[in-house]
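Each chain is listed here by its residues.
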Amino acid sequence: MTVILDPTGERQVATRELLQRSASLDGQRIGLLDISKPRGDVFLDQIERRLHAVGATTTRYQKPTFTKPAPVDLRHEISMQCDVVIEALAD
């Protein structure tokens, strides 16, 4: 069993199942979400270069602030346009 800690401070733990991972990122549409913390863009720049080297397509997104969850419309946009999402949690 895998345990994932949720830092959002929920009072009741939500049960979530992990999705099956793709064997390859080749041809995948990957969303890169900058949560607006300092240097998150630097981290995503490095990840983006590596992803392009293996044939992945990336799209960049940014939350308005790191202090709140991403707005519903942004989450919906990402879910409709991307197969995979990487979130930058840098400081």
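Up top is the structure.
Asker: It is not clear to me how the overall build of the protein should be interpreted in this structure. Could you clarify?
Answerer: The number of helices and strands found in the protein is 2 helices and 3 strands. Taken from N to C terminus, the helices and strands of the protein fall in the order β-α-β-α-β. Expressed as a percentage of its 91 residues, the buried residues of the protein come to 23%. Put simply, 69% of the contacts in the protein that link residues at least 6 apart link residues at least 24 apart.

Asker: Help me understand the sheet that holds strand β1 (residues 29-34), please; the structure alone is not making it clear to me.
Answerer: One key point about sheets: their strands pair by backbone hydrogen bonds, in either a parallel or an antiparallel sense. Reading across from one edge, β2-β1-β3 is the order of the 3 strands in this open sheet, with parallel pairing throughout. Strand pairing shows two members of the sheet lacking a second neighbour, β2 (57-62) and β3 (84-88), which therefore form its edges. Across the sheet, the mean angle from the axis of one strand to that of its neighbour is 25°, orientation sign disregarded. Packed onto the sheet, helix α1 (residues 40-53) meets β1, β2 and β3 and runs at close to 170° relative to β1. Against the sheet, helix α2 (residues 72-81) touches β1, β2 and β3, its axis set at about 180° to β2.

Asker: Looking at this structure, how should I read α1?
Answerer: Quick reminder: α-helices carry 3.6 residues per turn. Residues three or four places apart thus point the same way. Over its 14 residues, α1 runs 20 Å from end to end, which matches the ideal 20 Å to within 8%, given 1.5 Å per residue. Buried within α1 are the following residues: G40, L44, E48 and L51. All buried residues of α1 fall inside an arc of 65° around its axis, so they share one side. Across from the buried face of α1, at angles greater than 90 degrees, the exposed residues are R49, R50 and A53. Buried positions along α1 lie against β1, β2 and β3. The positive-phi residue at the C-terminal boundary of α1 is G55, with phi of around 90°.

Asker: Which parts of the structure should I look at to understand the side chain of K63?
Answerer: By secondary structure assignment, the location of K63 is in the loop between β2 and α2. Although buried, K63 forms no salt bridge, and the nearest oppositely charged side chain, E87, lies 5.2 Å from it.

Asker: Which parts of the structure should I look at to understand the packing of aromatic side chains?
Answerer: The geometry of an aromatic ring pair is captured by the separation of the ring centres together with the interplanar angle, meaning the angle of the planes. Enumeration according to the criterion identifies 0 aromatic pairs in this entry. K37 extends its terminal NZ or CZ atom over the ring of F66, reaching a point 5.1 Å from the ring centre.

Asker: How should I be thinking about the nonpolar core in this particular structure?
Answerer: For soluble globular proteins, the rule of thumb is that nonpolar side chains tend to be buried together. Core analysis: the largest hydrophobic core is formed by 7 residues, namely L33, I35, Y61, A70, L74, I78 and C82. If we skip the residues at most four places from it in the chain, I78 touches L33, Y61 and V85. Of all hydrophobic cores here, the second largest spans 6 residues; its members include I30, L32, L44 and L51.

Criteria and cut-off values
- Residues numbered from 1 in each chain as written.
- Predicted model: local features only at pLDDT ≥ 70, side-chain atom pairs only at ≥ 80, totals over all residues.
- Heavy atoms only, no water.
- Helix = DSSP H or I, 4+ residues; strand = E, 2+ residues; numbered from the N terminus.
- Buried < 20%, exposed > 50% of the residue type's maximum accessible area, 1.4 Å probe, protein only.
- Contact = heavy atoms within 4.5 Å.
- Pairing = 2+ DSSP bridges.
- Axes fitted to C-alpha atoms, helices over the stretch in contact; angles between N-to-C directions.
- Expected span 1.5 Å × (residues − 1).
- Arc of directions from axis to C-beta.
- Lys, Arg positive; Asp, Glu negative; His and termini not counted.
- Salt bridge = Lys/Arg side-chain N within 4 Å of Asp/Glu carboxyl O.
- Phe/Tyr/Trp six-rings, centres within 6.5 Å; stacked < 30°, edge-to-face > 60°.
- Lys NZ or Arg CZ within 6 Å of the ring centre and 35° of its normal.
- Core = buried A, V, L, I, M, F, W, Y, C linked by side-chain atoms within 4.5 Å.

From the geometry alone we can't say anything about function, so treat these as descriptive.
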